Amino acid sequence: MQHQTVLVLDFGGQYNQLIARRIRENNVYCELVPHTIALEKIKEIAPIGIVFTGGPNSVYEKDAPDIDNDIFKLGIPILGICYGQQLIAKKLGGEVISPKTREYGKIEICYQKSVLFENVTKNNICWMSHTDYISKLPAGFMVTATTATCPCAAFENREKSIYGIQFHTEVNHTVQGDVILRNFLYAVCKAKGDWTMHNFAREQIGQLQEKLLGKKVLCAMSGGVDSAVAATLIHKAIGKDLICIFVDHGLLRKGEADEVMEVFKDKLGMNLFKIDASKQFLDKLKGVEDPEKKRKIIGKEFIKVFEVEAKKIGAVDYLVQGTIYPDIIESGKGVSAVIKSHHNVGGLPTVVDFKEIIEPLRDLFKDEVRKVGEELGLPASIVHRQPFPGPGLAIRIMGEVTLEKIKTLQDADFIFREEITKAGLDKEIWQYFAVITSTKTVGVMGDYRTYEYVLALRAIHSLDAMTATWARIPYDVLEKISNRIVNEVEHTNRIVYDITSKPPATIEWE
Ligand code: XMP
């Protein structure tokens, strides 16, 4: 089925993926594309609306991202946000100035009559992050919102269906920002709301069935959300012709490997094989303390184990990858500095004898993947699982990885997660886990002196793992966690709480 599409033209702003996600949340399919997209391509896609995002530049800067003027002649509704609005102004004959002061944060705004602000309270709060503003309107435009310092916080040319807002509707701090975006999609672009995960799952299963029936398909399951949902979609389409391999490197959270087998093999009846390679991984990690070395060893070993299994299976037609839309968007951009070498299943194509890669989730954002998982009947414990790094607990064990440290960490981490859930914080906190440090300290238990490991707790709020702030867990919850861990878990006598954000720290400790 062909969905209605909105194109989001990327001018480099920090909230760009968020804009795309917000549009999708309104049941409208959208794609985030570079602002350099050819006009011919836009015509071919025939979007019902176009959004220009914000961006860090000033429109008069040399090499500032630009747009072909003919885009305004296509007759497709346009919404410019922040830089996007200023660009519309400049291109259509208005003027933009750079005052000395910046408008940043939650700002009082006054909306006037506009289709965009239908059912939005007139005197309201919006989120601003800009220096430049529009000082002269292009011909045919009128101002539809103002703030104390920004005379043109929104403008429009209703006849041409071109709208601009200086503030960020996509950020939660803009009160009723969701209503404004919805007005653009439904009142201006006449969206039908045909993008739902129920439809997606149904259509995908149908399409996968057509494409894959009678073929041999191989999937590496990690227990993570993406591979779980990708595998389940394909399993619904072709049943036993999908072969799944789950490599247990012995560095998973407590109970995780058993849960994966129970859900996917026992309940769903998947053709799933667990390879217990924990001894092999532990042997390779013996005596290794350097975080990068640990990551590399695990990545390499994973491929090796998989290769042996794949050889047993022989040639397959398709290899499944759990690639999701942000991976596609990000791979189109420049490569940033390697802070940590991430291990995912990226190396598998080199060791599997296959004809084609299949990526059933390549159009979906993470929250959409979760919704598809729910549609397919996967349990919340799998669908709402927090991110877990490929190298597993190895990068939460400082220094050498030993069986004793793995056990201590698994038990402590389990208590931490259990108490966070009991306190009702599990949906709110993006990622939370325990870390075992390489430091031992003196403690006293009963009348005895103890000398055991210091454990750290890490809990953060984040949107996309690029930045993070540490979670303000109530003291009484922290106290309960600390008491339980020290009392119930062997080899630890001291608990500390990590109060660093990212940057400057990373989320994981190694
Ligand atoms: P950092 O520590 O870089 O982590 O701030 C950012 C996010 O990525 C996860 N992470 C990984 N995920 N393979 C993965 O699939 C990895 O090697 C890896 N290392 C870190 C981390 O848990 C956090 O969510």
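The rules behind the values
- Residues numbered from 1 in each chain as written.
- Predicted model: local features only at pLDDT ≥ 70, side-chain atom pairs only at ≥ 80, totals over all residues.
- Heavy atoms only, no water.
- Pairing = 2+ DSSP bridges.
- Helix = DSSP H or I, 4+ residues; strand = E, 2+ residues; numbered from the N terminus.
- Axes fitted to C-alpha atoms, helices over the stretch in contact; angles between N-to-C directions.
- Contact = heavy atoms within 4.5 Å.
- Buried < 20%, exposed > 50% of the residue type's maximum accessible area, 1.4 Å probe, protein only.
- Phe/Tyr/Trp six-rings, centres within 6.5 Å; stacked < 30°, edge-to-face > 60°.
- Lys NZ or Arg CZ within 6 Å of the ring centre and 35° of its normal.
- Parallel < 35°, antiparallel > 145°, perpendicular 65-115°, else oblique.
- Left-handed = near helix turned anticlockwise from the far one by under 90°.
- Nonpolar A, V, L, I, M, F, W, Y, C, P; charged D, E, K, R; others polar.
- Expected span 1.5 Å × (residues − 1).
- Salt bridge = Lys/Arg side-chain N within 4 Å of Asp/Glu carboxyl O.

A.B. asks: Tell me about the sheet that holds strand S15 (residues 318-320), residues and numbers included.
C.D. replies: Working definition: the strands of a sheet are paired by backbone hydrogen bonds and lie parallel or antiparallel to each other. The sheet built from five strands is open, its strands ordered S14-S13-S12-S15-S16 with parallel pairing. One side of each edge strand has no neighbouring strand; the edge strands of this open sheet are strand S14 (271-276) and strand S16 (356-358). This sheet shows a mean twist of 25° between the axes of neighbouring strands, independent of strand direction. As judged from the three bridges shared by strand S12 (residues 217-221) and S15, these two strands associate in the parallel manner. When the bridges of S15 are listed, Leu218 appears paired with Leu319. In the packing of helix H6 (residues 225-238) onto the sheet, the strands contacted are S12, strand S13 (242-248), S15 and S16, and the crossing angle to S12 comes to about 150°. Across the sheet, helix H7 (residues 256-267) lies against S12, S13 and S14, angled at about 165° from S14, the strand it touches most.

A.B. asks: Please provide a residue-by-residue account of the sheet that holds strand S2 (residues 29-34), values included.
C.D. replies: A sheet is described by the order of its strands in space; here nine strands give the open sequence S2-S1-S3-S4-S11-S10-S9-S6-S7, paired in mixed fashion. Every interior strand has two partners, whereas the edge strands, S2 and strand S7 (123-130), have only one. Sheet twist, expressed as the average angle between the axes of neighbouring strands with direction ignored, equals 25°. Helix-sheet contacts for helix H4 (residues 177-188) involve strand S1 (5-10), strand S3 (49-52), strand S4 (78-81), strand S6 (103-111) and strand S11 (162-165), and the interaxial angle to S4 is about 165°.

A.B. asks: Give a detailed account of helix H1 (residues 16-25), specifying residues and quantitative values.
C.D. replies: Among the ten residues in H1, eight count as buried, and that is most of the element. The complete set of buried residues in H1 reads Asn16, Leu18, Ile19, Ala20, Arg21, Arg22, Ile23 and Arg24. Directly beyond the C-terminal end of H1, a positive phi value near 65° is found at Asn27.

A.B. asks: How would you summarise the packing of aromatic side chains if you had to cite specific residues and measurements?
C.D. replies: Throughout the structure, instances matching the rule amount to 14 aromatic pairs. For the pair Trp195 and Phe200, a centre-to-centre distance of 5.8 Å together with 70° between the ring planes defines the contact as edge-to-face. Owing to a relative accessible area of 3%, Trp195 belongs among the buried residues under this scheme. In this structure an aromatic cluster arises from ring pairing among Phe11, Phe52, Phe72 and Tyr83. Geometry around Trp470 places Arg472 over its ring, the cationic atom sitting 3.7 Å from the centre.

A.B. asks: If you had to explain the packing of helix H13 (residues 403-422) against helix H14 (residues 475-488) to someone new, which residues and values would you point to?
C.D. replies: As a packed pair, H13 and H14 sit with axes 10 Å apart at the nearest point and diverge in direction by 150°. In this view, H13 runs roughly antiparallel relative to H14, as classed from their interaxial angle. The handedness of the crossing between H13 and H14 is right-handed. The segment H13 lies against H14, with Ala412, Ile415, Phe416, Glu418, Glu419, Ile420 and Lys422 engaging Val477, Lys480, Ile481, Arg484, Ile485 and Glu488. Its residues assigned to classes, the contact of H13 with H14 shows seven nonpolar, no polar and six charged.

A.B. asks: Describe H14, and please don't skip the residues or the numbers.
C.D. replies: The first and last C-alpha atoms of H14 sit 20 Å apart over 14 residues, in line with the 20 Å expected at 1.5 Å per residue. For H14, the complete set of buried residues consists of Val477, Leu478, Ile481, Arg484, Ile485 and Val486. Close packing links the buried residues of H14 with H13, strand S17 (431-445), strand S18 (448-461) and strand S20 (492-497).

A.B. asks: Account for the pattern of salt bridges, with residues named and values stated.
C.D. replies: Tallied over the entire structure, the rule returns 33 salt bridges. Between Glu356 and Lys211 there is a salt bridge, and its shortest N-O distance comes to 3.5 Å. Separated by 145 residues along the polypeptide, Glu356 in strand S16 and Lys211 in helix H5 (residues 197-212) bring together distant segments of the chain. A residue is classified by how much of its surface remains accessible, and Lys211, at 39% relative accessible area, is partly exposed. In this structure, the salt-bridge partner of Glu256 is Arg385, at a minimum N-O distance of 3.3 Å. A residue pair is termed long-range when its members are at least 10 positions apart, and Glu256 in helix H7 and Arg385 in the loop between helix H12 (380-383) and H13 qualify at 129 residues. Accessibility expressed as a relative area gives 5% for Glu256, which makes it buried. It is possible to trace a salt-bridge network through shared partners that takes in Glu418, Glu419, Lys422, Lys480, Arg484 and Glu488.

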